[in-house]
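# Chains, contacts and geometry: an overview
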Amino acid sequence: MPKYDFKSIEPKWQSYWEKNKSFKAERNSSKKKYYLLEMFPYPSGKIHMGHVRNYGIGDVVARFMRMKGFNVLHPIGWDAFGLPAENAAIQNKKHPAQWTEDNISTMQTQLRSLGLSYDWDREIATCRPEYYRWSQWCFLKFYEKGLVYRKKSQVNWCNACNTVLANEQVIDGCCWRCDGEVEDRFQEGWFFKITDYADRLLEGCKHLSGKWPEQVLTMQSNWIGKSYGAEIDFKIKGKNETIKVFTTRPDTLYGATFMVLAPEHPLVTQLSLGTNQEIEVGKFVNKVKQEDKLERTSEKGEKKGVFTGAYAVNPLTGEDISVWSANFVLMDYGTGAIMSVPAHDQRDLDFARKYSLPIRVVIQPKDSPLDESNMTEAFSTNGIMVNSGSFNGLASEEAKKKVCEHLEDIKIGKASVNFRLRDWGVSRQRYWGTPIPIVRCDECGLVPVPEDELPVQLPLDVKLGDRGQSPLTTLAKFYKTQCPKCGNLARRETDTLDTFVCSSWYFNRFTSAKNNQSAFNKDDLDYWMPVDQYVGGIEHAILHLLYSRFFHLVFKDLGFIKSDEPFDRLLTQGMVIKDGAKMSKSKGNVIDPDEIIQNYGADTARLFILFAAPPSKDLEWSDQGVEGCYRFLKRVWKIFDDFIIDIKSAGSITKDYKTDSKELLELRRVTHVTIGRVTDDIQIRMQFNTAIAAIMEFVNHLYTFRDSWLLLKDNDDCSRLIVKESFETLILLLAPFAPHIAEEMWSLLGHKTSIVQVEWPVFNKDFTTTEELLIVVQLNGKVRQRITVSASASQEVIKSLALNDSKIKEQTKDREIKKVIVVPGKLVNIVVK
RNA sequence: GCCGGAGUGGCGGAAUUGGCAUACGCACAGGACUUAAAAUCCUGCACUCGUAAGGGUUUGAGGGUUCGAGUCCCUCCUCCGGCACCA
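Residues numbered from 1 in each chain as written. Chains lettered and ligands numbered in written order. Predicted model: local features only at pLDDT ≥ 70, side-chain atom pairs only at ≥ 80, totals over all residues. Heavy atoms only, no water.

The environment of RNA strand B is made up of 59 residues, and the closest members are Thr248, Lys303, Tyr333, Arg420 and Ala612. If you look at RNA strand B and keep only atoms within 4 Å of the protein, 66% of those are sugar or phosphate atoms. For RNA strand B, a sugar or linking oxygen lies 2.4 Å from a polar atom in the backbone of Thr248. A distance of 2.6 Å separates a phosphate oxygen of RNA strand B from a polar atom in the side chain of Arg631. Residue composition of the surface near RNA strand B, grouped by class: 19 nonpolar, 19 polar and 21 charged. (Near = heavy atom within 4 Å. Polar contact = N/O pair within 3.5 Å; in protein donor to acceptor, adjacent residues only side chain to side chain. Nonpolar A, V, L, I, M, F, W, Y, C, P; charged D, E, K, R; others polar.)

Moving on, we come to the domain arrangement of chain A. Per the domain assignment, the segments of chain A are domain 1 (6-126 + 503-595), domain 2 (138-193 + 423-499), domain 3 (226-419), domain 4 (622-768) and domain 5 (772-832). The straight-line distance from the C-alpha centre of domain 3 to that of domain 4 is 71 Å. (Domains from an automatic or database assignment.)

Under the counting rule described, the total for this entry stands at 62 aromatic pairs. Ring geometry for Phe643 against Trp709: centres 6.0 Å apart, planes inclined by 45 degrees, an arrangement best described as tilted. One end of the pair, Phe643, is in helix 20 (residues 623-648); the other, Trp709, is in helix 22 (residues 688-711), with 66 residues separating them in the sequence. With respect to class, Phe643 is no different from Trp709; both count as buried. Lying over the aromatic face of Phe191, Lys151 brings its terminal NZ or CZ to 4.7 Å of the ring centre. (Phe/Tyr/Trp six-rings, centres within 6.5 Å; stacked < 30°, edge-to-face > 60°. Helix = DSSP H or I, 4+ residues; strand = E, 2+ residues; numbered from the N terminus. Buried < 20%, exposed > 50% of the residue type's maximum accessible area, 1.4 Å probe, protein only. Lys NZ or Arg CZ within 6 Å of the ring centre and 35° of its normal.)

Tracing the chain through its elements places Ser340 in strand 15 (residues 337-340). Exposure remark for Ser340: the relative accessible area of 0% places this residue in the buried category. For Ser340, the side chain forms a polar contact with the side chain of Asp348, separated by 3.4 Å. Setting aside its immediate chain neighbours within four residues, Ser340 contacts Gly255, Ala256, Thr257, Phe258, Met259, Val260 and Asp348. (Contact = heavy atoms within 4.5 Å.)

Its 14 residues place the ends of helix 12 (residues 396-409) 20 Å apart at the C-alpha level, agreeing with the 20 Å of an ideal helix rising 1.5 Å per residue. Turning to helix 12, its buried residues are Ser396, Ala399, Val403, Cys404 and Leu407. Down the axis, helix 12 shows its buried residues gathered within 140 degrees of arc, on one side only. Facing away from the buried side of helix 12 by more than 90 degrees, the exposed set consists of Lys401 and Asp409. Phi turns positive one or two residues past the end of helix 12, at Lys411, with a value near 60 degrees. (Expected span 1.5 Å × (residues − 1). Arc of directions from axis to C-beta.)

Attention now moves to the sheet that holds strand 9 (residues 182-192). Spatially, 6-5-9-19 is the arrangement adopted by the four strands of the open sheet, whose pairing is antiparallel. Each edge of the open sheet carries a strand with a single partner, namely strand 6 (163-165) and strand 19 (424-425). Two elements, strand 5 (residues 148-158) and strand 9, share 11 bridges in a ladder whose sense is antiparallel. By the bridge assignment, Ser153 is partnered in strand 9 with Gln187. (Pairing = 2+ DSSP bridges.)

Before going further, it helps to spend a moment on the side chain of Asn156. Mapped onto the elements of the fold, Asn156 is located in strand 5. A residue is classified by how much of its surface remains accessible, and Asn156, at 9% relative accessible area, is buried. Among the polar contacts made by the side chain of Asn156, one reaches the side chain of Asn167 at a distance of 3.1 Å.

A word on the pattern of salt bridges. In this structure the tally under the stated criterion is 45 salt bridges. One salt bridge in this structure joins Lys94 and Asp102, with 2.8 Å as the shortest N-O distance. For Lys226, the salt bridge is made with Asp199, and the minimal N-O distance between the two is 2.6 Å. Linking Lys226 in strand 10 (residues 226-236) with Asp199 in helix 6 (residues 198-208), this pair joins segments that are 27 residues apart in sequence. Assessed through its relative accessible area of 36%, Asp199 is described here as partly exposed. (Salt bridge = Lys/Arg side-chain N within 4 Å of Asp/Glu carboxyl O.)

Another aspect to go through is unusual backbone geometry. A cis amide bond links Leu454 with the next residue in sequence, Pro455, at an omega value of 0 degrees. Checked against the element boundaries, Pro455 lands in the loop between strand 23 (445-448) and helix 13 (476-479). Note that the residue after Met529, namely Pro530, is joined by a cis bond; omega there is 0 degrees. Along the chain, Pro530 turns up in the loop between helix 16 (522-528) and strand 27 (531-537).

A few words on the nonpolar core. Counting residues in hydrophobic clusters, the biggest one holds 199 residues, and the most contacted among them are Phe192, Trp424, Tyr506, Phe550, Phe551, Trp621 and Phe737. Once you skip the residues sitting within four places of it in the chain, Trp424 turns out to touch Ala166, Trp190, Phe191, Phe192, Ile194, Asp498, Phe500, Val501, Ser504, Tyr547, Phe550 and Phe551. Counting 38 residues, the second-largest nonpolar core is a separate cluster that includes Leu261, Met339, Phe391 and Leu407. (Core = buried A, V, L, I, M, F, W, Y, C linked by side-chain atoms within 4.5 Å.)

What follows covers the packing of helix 19 (residues 602-611) against helix 20. Close contact between helix 19 and helix 20 brings their axes to 9 Å; oriented N to C, the two are set at 120 degrees. As the angle between them shows, helix 19 and helix 20 are arranged oblique. Judged by the twist between their axes, the crossing of helix 19 over helix 20 is right-handed. Residues Asp603, Thr604, Leu607, Phe608 and Phe611 of helix 19 pack against Gly625, Val626, Cys629, Tyr630, Phe632 and Leu633 of helix 20. For the contact of helix 19 with helix 20, the per-class residue count stands at eight nonpolar, two polar and one charged. (Axes fitted to C-alpha atoms, helices over the stretch in contact; angles between N-to-C directions. Parallel < 35°, antiparallel > 145°, perpendicular 65-115°, else oblique. Left-handed = near helix turned anticlockwise from the far one by under 90°.)

The pairing of strand 32 (residues 772-779) with strand 33 (residues 782-790) spans eight bridges and is antiparallel. Bridging from a neighbouring strand, Ile775 pairs with Ile787 of strand 33. Looking at chain direction, strand 32 and strand 35 (residues 827-832) are connected through four bridges and run parallel. Its bridge partner lying in strand 35, Gln778 is registered against Asn829.

Right, dumping it as structure tokens:
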């Protein structure tokens, strides 16, 4: 037999799978489905190691579940709209569509060369009209449901990208994609009402616990940011206005000794008009406007404020309290106004000290009473109410509810919840995206494009501005249109949709990818959805995963879909690291997957990336580690070669084959122990590194076995059957990880069908038991001896064997035995004094 | 500050239910084969005392529960991630 030649084996099986459509998925209600999905790639140019890891992990599960008898859907597509295509186009004078399609074809070839088991017939690309037509349709459905609106608001503007960003796309004040600084702009745009779903999205997090990584659920919960409290109206003295505040501490209302408004709050200027503070306030507001947003919102920033000249009335004490404006109050959280309780909030205390404002304690801790005159730290935990009228003596936790009830009775406030989550801005001022299917008519206003006129085609014969300005705004052929309602001349919307809209529903499209009648077919959705296992990077913990969950809930409300969540289980894989940093072109620490495939083969590449670390942890690249995996596959090939003649001469496996040979019994035991370990590791634990380690141990055992096999005299049919079973098991266990070598060995054994649908080995517990057991003997919990006992020995027998062991006798002879614990099948612990 | 995750040999990591800590791999050292090298195979490899047999110590630190703790509980430290002048 020739040596292990991956260069001929791998392409051979890849074309076999393709020709035979080995991974084609079809709806079949008599078979249990399994939908495995990895986050679809952006066609950026070439595959990188992160992709290999992402798709390698997914492919193990897909191949395993197929062998387990499931009807597996494992599709692939391209998240193909987006800025890099435009930027590359400007640099290379190549059209974004051309650039994108070229990259797709390069990356398709690369994915194929990895031997990934995709149903290529379902391939999609979000930039093609047959896909974005349905993205537009989704937009219209949202619009009908009242979940889409336009507003003029403060938006995040990335100068480098020349477009607006959603809040979720701003990371530490910078653009998520280009890292450029983000500035505020006041601009009109389209929004999705994701805030309507804040509660359900948060509630869903609870149900996903245990199925999604806690880290992701925490991040989403933090992002949604629900807080419980009250809304309270404060009357302005001498005017007909009220200021509404949100507070999480209604119990401290008696201690509210002043109020603070955000500088952007419309009442600030209004209140100061005509007072002697008017000029000061104007100066202050202008100054804050000019301040850098990052600096202003950082905790280190100095707390600065100005008195507005107005007073409000504390609704419970009836006292006049001064109204201020300060830089630390934010317009876009709560109501943009706060009541200040300096005794029980650190910022308020700092502010009160700085501007000599009154402080009143209304909650006392149990032990050491607070003194307003010298407190430096606000008391912000629970205690007993004081100085609070009829609420005195109540526990503050309890008082929260009571105060809210009281406020409601006197109609100046109510219990309320507040979210940090803002609506999702989906307008982008760029070209390479899904056109928003809306027409603006002078007569009729905003008019949605009728469904039967979709898609609104993105024109391809355009010239891009050199700073990325969208050509759509000046392309009359595009924007000039007729109003669908009145037929008059009208203007098309020239903003495009955020690419995250395209990726928020693509997993539904995969269930009937080629359907040109509708976005998705109900029977297909009902059968395939939800995705059983989703695999992708943690960088989408908030963005893509939150948006997709939102879309799914809307689809549910629209009656399209039954499930509450799109992704039942989520696995977030770690990054691929080299020399301590994430692989990236700028750091120059990139390993090209093609090179690894060229030198070692796809099987080695896959094996290494699955073996080097558990899937969710970061993985440190190691050239020597790759060598090690290659060495392992060569060892597999070699031992297989050593046995192939014996295996092929064995008959077919029957149920009742027996042997008395110790070595063969041990071989069969190791075989079945390995089946158990590998099955659990893939199916339950998703821990592929230990699955591979178990297979390596199995192979090491086969090498040990080989020595005794050569000496074994009774090399009969039954013996060969056991050997055959072991090797066939090895091949099948290896198949999800290293599919090419597995197919090759499988066919060398004479099998005529591909390994793809062969049944996964069945674990038989009876074969894993032995006649003798190794029992550890401990003295006071420390291992002192190991003894072998018969598997059928009673606890009493084991105990006496342990106590009568010569070494144990020696060590216990002068000591009093206080207790003996026998753990069946494991150990004996002798407690001595 | 709040929330989440983690801390085990020289390195990546294992220990699934409280029961032999360090599986598997890498690196390293010695040996076999070879004119030589590569490849391959064999042996060793947590630390420490010891020629050895054997002993002692060790899972970030310190306590606790238990016959027995990497695993459970308490206090603390460090690192990673998220949120945060969030009212």
